Amino acid sequence: MATKAHLSMVDMQLPTGTVTFLFSDIEGSTGLLQRLGERYDAVLAEHQGLIRGEIAAGGGVEVSTSGDSFFAVFPSAAGAVRAAVAMQRAILGHDWPPGVALRVRIGVHTGEGRVRNGDYVGLDVHRAARIGDAAHGGQILVSAATRELIADLLPPAVSLRDLGEYELRGVAKRVTLHQVVGADLPVDFPPPRTLGGPSHNLPTQLTRFIGRERELAEMATRLATSRLLTLTGVGGSGKTRLALEAASRALADHPAGVWLVELADIADPALVPSALADALGIEEQPRRSLVDTLIDVLQHKRLLVVLDNCEHLLEGAGRLVATLLQALDGLRVIATSREILGAPGEVVVGVPPMELPESSAGLEASEPHRFDAIQLFVQRAQSVSPDFQLDEQNVESVFDICRRLDGMPLAIELAAARLRVLSPGEIAERLDDRFHLLTGGARTSLPRQQTLEAAVAWSFDLLSPVEQTFFPRLSVFSAGFTLEAAEAVSTGEEIAEGQVLDLLQRLVDQSMVVADPTSAHGSRFRLLETLRDYGRNRLAASGRAEDVRARHAAYFVALAQQAAPRLRTEGQEAWLDRLDLEHENLRGALSWLAGTGRADEALRLAGSLAGFWQRYGYWSEGRRWLALALDLPASDLAAKVEALLGAVPLFIPEDPKQGAEMARAALQAARESGDRRLVARALQWSGYAVLDRSELATPLLREALAIFEELDDSLGAADTLTSLASANAVSAPDLALEWAERSASMFRAAGDRAGVAEAQQVAAAVARGQGRYDQAWERLEESLEAARQLGGRERGGHALRDLGEVALARGDPAGAAPYLEESLELLRHVGDRHCSARVLRSLGTVAVRSGRTDEAARLLREALEISSDVRDRRNVVWTLEALAELARNHGDPPRAAFLLGAAASIRDARNMKPTLVEQQARDEAEAALRSSLGDATYLQQLSAGHGLDLPAAIAAGLETEDLPLEPDRRTRP
C-alpha cells in the first residue's frame, strides 16, 4: 500500500499532458574516457553541473541520468529549446582542462507526456530519444512538432534550419528534423545519423579478411589517442588491406564517414589535395586554395581518411596531413607507406609478416586457422581450386611456401594462384630456385624486398614468351585501361592486335591482371601496384619504353581530340565521365609529352581537355597544364591556337586580363598561320573575352562572322551570332534579338541542340530585359528541351535558372522557386559556382518577396560571397540591389538607399548599362525611398554608398548590422 502511494506521489511531480522531452549526451565519451583516465570523473561532474543548471533555469525536470546522458522534460517547448541553446553555450564557453573539448548532442521533441510507475512511457519518448541519437556533437535537433510551437518564440539570434525527412530506428513514419541555428553555435554538420549509418567509399572486399587481430587491436587503441597513424612495411606486406579492415571497423566512431584516398596512381605531389577532394566529393573553387576549401568544408566534422600508398608522395602527403590535422580537430588519418610521412604527431605501426609456426613439426593439417599465413594460403587456394584441402601430404609443402615467402600476403596469394597448374610440392620446389637466384643480388636491399621481388619474378617467369613481352607494356597505364587501349599500346613487334584479348584473359587467370567487367564504361583492367612497378622495370630493360610511352600518349591524344567536340552533343555526359575515368592516364600522357619536349602533341592534348577541365571543376590543374604546354617551343601553330583558345574560359574567372591576353595571342598566331577558319575562331574568342564591353566585342565578332560566312561555315557563324547577341543585349536589344533568333534557326537546321539551347537562352535574356516575358518563356522552354535531350546538367541548369527568373519578373515568386531549386541542384553537381551564385541571388529575391527575411539574408549573402570569389561583378550589382529591396521591405530605408548607391558605384565603374526592366525597377525603388526618406536623406545615403569601392561595397552587403546614417562613412570594418 505504501509503495502505491509513493508511486502516485512521483507520478504527480512529473509534468503530463503536452510536454517537451530533451535527451543529451557527450559524443565520443568512450574515447574521452580512454584519453583522460582518472581525470574523466572531474570533467563529467563539471558537465553534469552545467546541464542540470540549464534544465532548472528552463523550468524543466530531470527525469533520469546515466553517465554522460540526460533525460529531461519541460512543460514548455520554448523553455526546452532555450535550455538546449543555453546548454550548448555553457559547454562551449566553459573553461575545460587542456586538451578537452566536449561536444554534446541534444534532441528535442514535443508530444504526449504519460507517466507510469514514476517514468514516462509512450512512442513520443522513444521518438525523442532517437532524435537525440541522430544529432552530432554540438548540434541541437528538434522535431516538427516542437518547431510548430516555438516558431515565433525563439531566443534572439536563433533560428531553425529544415534538414528534411529521415527514417529513425524503431520509428514507423519518417520524421522531419530541424537544426537550431545560432550565431555562436556550430552550424555545419554531416547529415543526421539515421538509418543507413555513416557514409564511406570503402571498396567491397571479395575475399575474407584473415588474421591480424593483434595489429587491429593495436590500431584501435592508437586511434583512440592519436590522430595520425601510419602503417609501414614493404610492398606486399598487406598494409592496404589491414588499413581498410581497421577503417571499416571504425565506421561507427566517425559520423562524417570513412574515406579512402588511393594515391598509387598519382605521380605529382601537388595533386594530393585534389585526390582527397575527389574522394570526399568536394569541388575546387576558382581563385581559392583547395586546401583552404577542404578546411572550410570539413570544419566540425568527425571523419577518418585512409591515405593509401604515400611512399612516392611523402612531401606532398605529409604537408597536407600536417596542415589539415592542425586545422581540423575532428579529423583522423590512417596512412600506408613504405616510409613514414614525417608529420607532427605521427604514430607508426609496422606491419610484420603474417604469423607462422617456427617449424612444421607438430603442425596439424586440421588446424590451419592457428596461423594466419597458413590460413591465408588455404583460403586463397580454395578460391582458385575449390577442392583443395590442407592434408598430411601437402602440409609440409604449404608451410615451406609460406615460410620462404616470409609470410608476405601478396607473395602467398600469388603462390596460391598457381595451384591452377602446379601442386604445392611443385610450387615449393620452384620457389627454392627463385630464392637461390636472388641471394646473389644487391646486398643493400632489405631481405623482405628481395623475397617479394623473388615472388614477382617467379610469377613473371611462368609466363610464356609472348606474355612476357605483353605484360610490361601494360605497366604504362595509370588507374586502369580498356581492351582498346591495351591493343593500341601493345600491338606491333611480336604481338598482333588479335592476340591481345587472349593474352589479357590469360594474365587475369594467372592473377597478374585484375579485371572489372562491371565498369559503367565497359570492362577495365588494372595491375596491382607491385606488379606494375615490376613491369615498368622490365619495360625499361627491354629498350622499348620510349616506343610504348609514345603509343600511350598518342592513344590518349586521339581520345581527347575525339571527345572535345562531343562535349556539346548528345551523350556529352558519357564522354565527360569517360575522360574523368581516364584522367590519370591523361595526366601521365601530358607529363611525358611535356617532359620529353613533344610540344605539338602536348598542346593538342591540353587544348582538347580544356572543356573537360572547365566542366569538372579542375580549374587550377587545367591552367597549369595549358601554361606548361604553351611554354614549349611548338611548330604547329594550329595546335598552339587551339590550346590558347581552350585556356581563355579557364583563365577569365581567375584573371580576366590574362584570359584576354591569351585570346589576343591566339588571334596573332592564327593570323600568322594563314588559316582563315582559325582566324575566325580566334576573333570569336577574343570577342568572348571582352563580352561585357560591347564597343570592344562587337567589331571582333563582326569580323569573325564575315569570315565564317565567307567560308560557308554555318555553325561558326551561328556561334558568333549568339556571342554578338549577348554582347549587345543591353545596348541594341532589337538587333541582339534578331541575331539570337537567326543563330537558333541556323543551329536548328544543323541539328545542333547545344547551339539551339544557348542561342535561345540568349534570346530569352534579351526579351526578358525588355519586359517581353511571354516571348522569353517560349525561348527558354525550347532551350530547356534541347538541354534535356543532350543530357547536359550544366546547360539545363542555366535554362531552369532563367525560367525561374522570368517567373520572378512576372511577379510569381512561388512559381519561380521550383525552377530555381532544380537549377541550383544541377549547377552544384557540375561545380558551376559562377551560375550557382546567380541562382542563389534569385532564390534570395524569392524569399524577400515571400516575407522570409532570415532566409533571404542568408541566401543573398552567400550569393554575394561567391560572386566576389569568382569576380562576377554583374551579379554583385544585382545582389546588392536585392539586399536593398530586403532592407526596404524590412523597414530600413536608409540602408536600402546606401546599398543602391553601392550597386550604382560598381555599375558606373564598369560601365554596366541596365536593361529596360532593370532601370524600371531601380526607378520604382528610388521613388519609394524618396517618398519614405525625403529627398535630402535619400540622396545623402545614396551618395554615401556611391563613394564605396568594390571591396567596401561587397563588405557593406555582407554587413549583418544596420548601417549608420552618417554620410561620411565610406568603408566598413
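What you see is a predicted model; the values in this text were computed from it and never measured.

Peer 1: Sorry, what's going on with the overall build of the chain here?
Peer 2: Assigned secondary structure in the chain consists of 42 helices and 15 strands. By the compact-globule yardstick of 30 Å for 973 residues, the chain fits well, its C-alpha radius of gyration being 33 Å. A principal-axis box enclosing the C-alpha atoms of the chain has dimensions of 105 × 105 × 45 Å. Within the chain, the fraction of its 973 residues that count as buried is 53%. When contacts within the chain are restricted to residue pairs at least 6 apart in sequence, long-range pairs at least 24 apart make up 69% of them. Accessible area for the chain stands at about 41,800 Å²; split by element, carbon and sulfur atoms hold 49% of it. Distance between charge centroids for the chain: 2 Å, based on 103 positive and 135 negative side chains.

Peer 1: Is there a simple way to explain the pattern of salt bridges in this structure?
Peer 2: A pair can form between side chains of opposite charge whenever their charged atoms are brought close. Under the defined criterion, the tally for this structure stands at 46 salt bridges. Residue Arg598 pairs with Glu546 through a salt bridge whose shortest N-O separation is 3.4 Å. One end of the pair, Arg598, is in the loop between helix H23 (583-595) and helix H24 (599-616); the other, Glu546, is in helix H21 (residues 545-563), and 52 residues separate them in sequence. A network of salt bridges, in which partner residues are shared, links Glu213, Glu245 and Arg249.

Peer 1: Is there a simple way to think about the environment of Ile334 in this case?
Peer 2: Inspection of the secondary structure assignment puts Ile334 in strand E12 (residues 331-337). On the basis of relative accessibility, which here comes to 0%, the residue Ile334 falls in the buried class. Along the sequence, Ile334 and Thr230 sit 104 residues apart, while their C-alpha atoms lie 5.7 Å from each other. For Ile334, the contacting residues outside a window of four places in its chain are Met219, Leu223, Leu229, Leu231, Ala243, Ala246, Leu304, Val305, Val306 and Leu307.

Peer 1: Where do I start with helix H19 (residues 500-509) in this structure?
Peer 2: Counting along an α-helix, one turn takes 3.6 residues, and residues three or four places apart therefore face a common direction. Among the residues of H19, those classed as buried are Val500, Leu503, Leu504 and Leu507. Down the axis, H19 shows its buried residues gathered within 100 degrees of arc, on one side only. Packing partners of the buried residues in H19 comprise helix H17 (465-474), helix H18 (483-490) and strand E15 (524-526).

Peer 1: Can you help me understand the pairing of strand E6 (residues 140-143) in this one?
Peer 2: As a general feature of sheets, a regular strand has side chains that alternate between the two faces. Burial along E6 is two-sided: the residues Ile140 and Val142 and Leu141 and Ser143 are all buried. The pairing of strand E4 (residues 104-116) with E6 spans 3 bridges and is parallel. Counted as the bridge partner of Gly107 is Leu141 from E6. In this sheet, strand E8 (residues 175-182) lies alongside E6 in antiparallel orientation, the contact comprising 3 bridges. Residue Leu141 lies in a different strand from E8, and its bridge partner there is Gln179.

Peer 1: Help me understand the sheet that holds strand E11 (residues 303-308), please; the structure alone is not making it clear to me.
Peer 2: In any sheet, the strands associate via hydrogen bonds between backbone groups, in a parallel or an antiparallel arrangement. Taking strand neighbours across the sheet as the criterion, the 5 strands line up as E10-E11-E12-E9-E13 in an open arrangement whose pairing is parallel. Looking at strand neighbours, the two that pair on one side only are strand E10 (258-262) and strand E13 (346-350), the edges of this open sheet. Direction aside, neighbouring strands of the sheet carry axes that sit 20 degrees apart on average. Both strand E9 (residues 228-232) and E12 contribute to a ladder of 5 bridges, which runs parallel. The partner of Thr232 across the bridge, within E12, is Ser337.

Peer 1: Please clarify how unusual backbone geometry should be interpreted in this entry.
Peer 2: Most peptide bonds take the trans form, and the phi angle of most residues other than glycine is negative. With phi around 60 degrees, Ala157 is a residue other than glycine that occupies positive phi space. For Asp712, which is not glycine, the phi torsion reads 60 degrees and is therefore positive. By secondary structure assignment, the location of Asp712 is in the loop between helix H29 (694-710) and helix H30 (714-727).

Peer 1: Help me understand the nonpolar core, please; the structure alone is not making it clear to me.
Peer 2: Side chains that are nonpolar tend, in soluble globular proteins, to be buried together. Ranked by size, the top nonpolar core spans 102 residues in total, and within it Leu474, Leu504, Leu605, Leu609 and Trp613 carry the most contacts. Contact partners of Leu605, with chain neighbours within four places excluded, come to Phe556, Val557, Ala560, Leu586, Ala589, Leu590 and Leu593. Judged by nonpolar contacts, the second largest core, of 35 residues, contains Val321, Leu324, Leu331 and Ala343.

Peer 1: How should I be thinking about the packing of helix H27 (residues 656-673) against helix H28 (residues 676-689) in this particular structure?
Peer 2: Each packed pair of helices is defined by two parameters, the angle between the axes and the distance between the axes. Interaxial distance between H27 and H28 falls to 8 Å at its minimum, and their mutual angle equals 165 degrees. The angle between H27 and H28 falls in the class roughly antiparallel. The hand of the H27/H28 crossing is left-handed. Contacts from Gly659, Ala660, Ala663, Arg664, Ala666, Leu667, Ala670, Arg671 and Ser673 in H27 reach Leu678, Val679, Ala682, Leu683, Trp685, Ser686 and Ala689 in H28.

Peer 1: It is not clear to me how the confidence of the model for the chain should be interpreted in this structure. Could you clarify?
Peer 2: The predicted structure's coordinates, where accompanied by low pLDDT, should not be read in detail. Scored by pLDDT, the chain comes out at a mean of 84, with 91% of its residues at no less than 70. Taken as a whole, residues 1-12 scores under 50 in pLDDT and shows 6 contacts with residues more than four places along the chain or in a different chain. Low pLDDT, under 50, characterises residues 961-973; the stretch is placed with 24 contacts to residues that sit more than four places away or in other chains.

Peer 1: Help me out: how do you make sense of the environment of Phe470 in this one?
Peer 2: Within the secondary structure layout, Phe470 lies in helix H17. Classification of Phe470 as buried rests on a relative accessible area of 0%. With 415 residues separating them in the primary sequence, Phe470 and Ile55 have C-alpha atoms 73 Å apart.

Peer 1: Could you clarify how one ought to interpret the side chain of Thr110 in this entry?
Peer 2: Structurally, Thr110 can be placed in strand E4. A polar contact of 2.8 Å, which involves the side chain of Thr110, links it to the side chain of Thr20. A polar contact of 2.9 Å, which involves the side chain of Thr110, links it to the side chain of Thr146.

Peer 1: Explain the packing of H18 against H21 to me, please; I cannot follow it from the model alone.
Peer 2: Contact geometry for H18 and H21: axes closest at 8 Å, N-to-C directions at 140 degrees. Here H18 lies oblique to H21, going by the angle between them. The two elements H18 and H21 meet at a crossing, and its hand is right-handed. Note on element contacts: H21 touches H18 through Val548, Arg551, His552 and Tyr555, opposite Glu484, Ala485, Ala488, Val489 and Ser490.

Peer 1: Looking at this structure, how should I read the side chain of Asp68?
Peer 2: Inspection of the secondary structure puts Asp68 in the loop between strand E2 (61-66) and strand E3 (69-74). Excluding its chain neighbours within four sequence positions, the residues that come into contact with Asp68 are Ser24, Asp25, Ile26, Ser29, Tyr40, Leu44 and His47.

Peer 1: Looking at this structure, how should I read helix H26 (residues 637-651)?
Peer 2: Across its 15 residues, H26 extends 21 Å between first and last C-alpha, which sits within 8% of the 21 Å expected from 1.5 Å per residue. The buried count for H26 comes to 11 of 15 residues, which makes it a mostly enclosed element. Along H26, the positions that sit buried rather than exposed are Ala639, Val641, Ala643, Leu644, Leu645, Gly646, Ala647, Val648, Pro649, Leu650 and Phe651. Looking at the buried residues of H26, the elements they touch are H24, helix H25 (619-630), H27 and H28. Residue Asp636 occupies the N-cap position of H26, its side-chain oxygen lying 3.0 Å from the main-chain nitrogen of Ala638.

Peer 1: Even after reading the chapter, I still don't get the packing of aromatic side chains, so can you show me in this structure?
Peer 2: Aromatic ring pairs are defined here through the distance separating the ring centres and the angle between the ring planes. A complete count under the given rule lists 11 aromatic pairs for this structure. Considering the side-chain rings of Tyr555 and Phe556, the 4.9 Å spacing of their centres and the 90 degrees angle between planes classify their relative orientation as edge-to-face. The residues Tyr555 and Phe556 share a single accessibility class, namely buried. A ring pair is formed by Trp685 and Tyr688, whose centres lie 5.0 Å apart and whose planes are at 70 degrees; its orientation type is edge-to-face. Taken together, the residues Trp685 and Tyr688, both in helix H28 and 3 residues apart, mark about one turn of the helix.

Peer 1: Teacher, can you tell me more about the environment of Ser783 here?
Peer 2: Here Ser783 is to be found in helix H33 (residues 773-790). Take Ser783: its relative accessible area is 0%, and that puts it in the buried class. Placed 20 residues apart in sequence, Ser783 and Ala763 show a C-alpha to C-alpha distance of 9.9 Å.

Conventions used here
- Residue positions are given per chain, counted from 1 along the sequence in the order it is written.
- Side-chain atom pairs in this predicted model are given and counted only at pLDDT of 80 or more, local residue features only at pLDDT of at least 70, and totals for whole chains, interfaces and linings cover all residues.
- Excluding hydrogens and water, the side-chain figures rest on all heavy atoms present in the structure.
- Numbering of helices and strands starts at the N terminus; helices are DSSP runs of H or I of at least 4 residues and strands are runs of E of at least 2.
- In this treatment the radius of gyration is a C-alpha quantity, and the globule benchmark scales as 2.2 Å times the residue count to the 0.38 power.
- Think of it in three bands: residues with accessible area under 20% of the maximum for their type are buried, residues over 50% are exposed, and the middle band is partly exposed, with areas taken using a 1.4 Å probe on protein chains only.
- Should any heavy atoms of two residues lie within 4.5 Å, those residues are considered in contact.
- A 1.4 Å probe and the Shrake-Rupley method give the accessible areas. Residues count as covered only by the protein chains that appear here.
- Positive charges come from Lys and Arg, negative ones from Asp and Glu, while His and the chain ends are left out of the count.
- Charge placement uses NZ in Lys and CZ in Arg. For Asp and Glu, CG and CD serve respectively.
- A pair is scored as a salt bridge if a Lys or Arg side-chain nitrogen falls within 4 Å of a carboxyl oxygen belonging to Asp or Glu.
- Each direction from the helix axis to a C-beta atom contributes to the arc, which is the arc of those directions.
- Pairing between two strands requires that DSSP report at least two bridges joining them.
- In this analysis an axis means a line fitted to C-alpha atoms, helices contributing only their contacting stretch, and an angle means the value between N-to-C directions, from 0 to 180 degrees.
- In these notes, a set of buried Ala, Val, Leu, Ile, Met, Phe, Trp, Tyr and Cys residues joined through side-chain atoms within 4.5 Å is what counts as a nonpolar core.
- Roughly parallel means an angle under 35 degrees; roughly antiparallel, over 145; roughly perpendicular, 65 to 115; everything else is oblique.
- Two helices that cross are described as forming a left-handed crossing if the nearer one is turned anticlockwise from the farther one by less than a right angle, and a right-handed crossing if clockwise.
- pLDDT is a per-residue confidence score from the predictor, ranging from 0 to 100.
- Under this definition, polar contacts are N or O atom pairs within 3.5 Å; protein pairs additionally need one hydrogen-donor-capable and one acceptor-capable atom, and for neighbouring residues in sequence, both atoms have to be side-chain atoms.
- The span one expects for a helix is its residue count, reduced by one, times 1.5 Å.
- Planes of paired rings set the category: under 30 degrees apart is stacked, over 60 is edge-to-face and the rest tilted, where pairs are Phe, Tyr or Trp rings (Trp by its six-membered ring) whose centres lie within 6.5 Å.

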